[in-house]
Amino acid sequence: MEMKQVNSLGMLLDNWKHKSCDAMIGTGSDWATIYIISSEEKGKGHATELLIEMKKHYEAQGKMFGSSVALNDTMRYLLQKLDIVEYAE
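A brief look at the structure comes next.

Here is what the cut-offs are and how they apply
Numbering of residues starts from 1 in every chain and runs along the sequence as written. Per-residue local features of the predicted model are confined to residues with pLDDT of at least 70, and side-chain atom pairs are confined, for both listing and counting, to 80 or more; whole-chain, interface and lining totals are unaffected and use all residues. Here the side-chain values reflect all heavy atoms present in the structure, with hydrogen atoms and water set aside. To sort residues, take the accessible area from a 1.4 Å probe on protein chains only and compare it with the maximum for the residue type: under 20% means buried, over 50% means exposed, and anything in between is partly exposed. Numbering of helices and strands starts at the N terminus; helices are DSSP runs of H or I of at least 4 residues and strands are runs of E of at least 2. As used here, the arc is the angular range of directions from the helix axis to the C-beta atoms. Working rule for contacts: check all heavy atoms of both residues, and any pair within 4.5 Å makes them a contact. Polar contact criterion, stated in full: a pair of N or O atoms within 3.5 Å, where within protein one must be able to donate a hydrogen and the other to accept it, and residues adjacent in sequence count only if both atoms are side-chain atoms.

1. Quick look at helix 2 (residues 73–81)
Three or more residues of helix 2 are buried, namely Met75, Leu78 and Leu79. Within helix 2, the buried residues cover an arc of 100 degrees as seen down the axis, which keeps them to one side. Residues of helix 2 that are exposed and point over 90 degrees away from its buried face: Asp73, Thr74, Tyr77, Gln80 and Lys81. Where helix 2 is buried, its residues meet strand 4 (31–39), helix 1 (46–60), strand 5 (64–67) and strand 6 (85–86). For helix 2, the N-terminal cap is Asn72; the gap from its side-chain oxygen to the backbone nitrogen of Thr74 is 3.1 Å. Positioned one or two residues after helix 2, Asp83 has a phi angle of 55 degrees, which is positive.

Here's what the structure looks like:
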């Protein structure tokens, strides 16, 4: 897994990469939010592995780890399975 900070749309974001997955995470002093996650090879567990690692990383820093609204049922399932908050409102 690899993480680096990138400037995107005027924001400094954490860009995570793992196998076929890529994720952009916004962070603050006590929070980290998934803005987008994509996978080129669906169904191989790459997103699950990435989500688990990111959750461990940010929670170890004392940050609340969550996600913007899931854009599909697969993402919603993964968020629920891994006990990651989905900010639906």
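2. With respect to the side chain of Asn15
On the secondary structure map, Asn15 appears in strand 2 (residues 11–18). A polar contact of 3.2 Å, which involves the side chain of Asn15, links it to the backbone oxygen of Ala23. Not counting residues up to four positions away in its chain, the partners in contact with Asn15 are Glu2, Met3, Lys4, Val6, Asp22, Ala23 and Met24.

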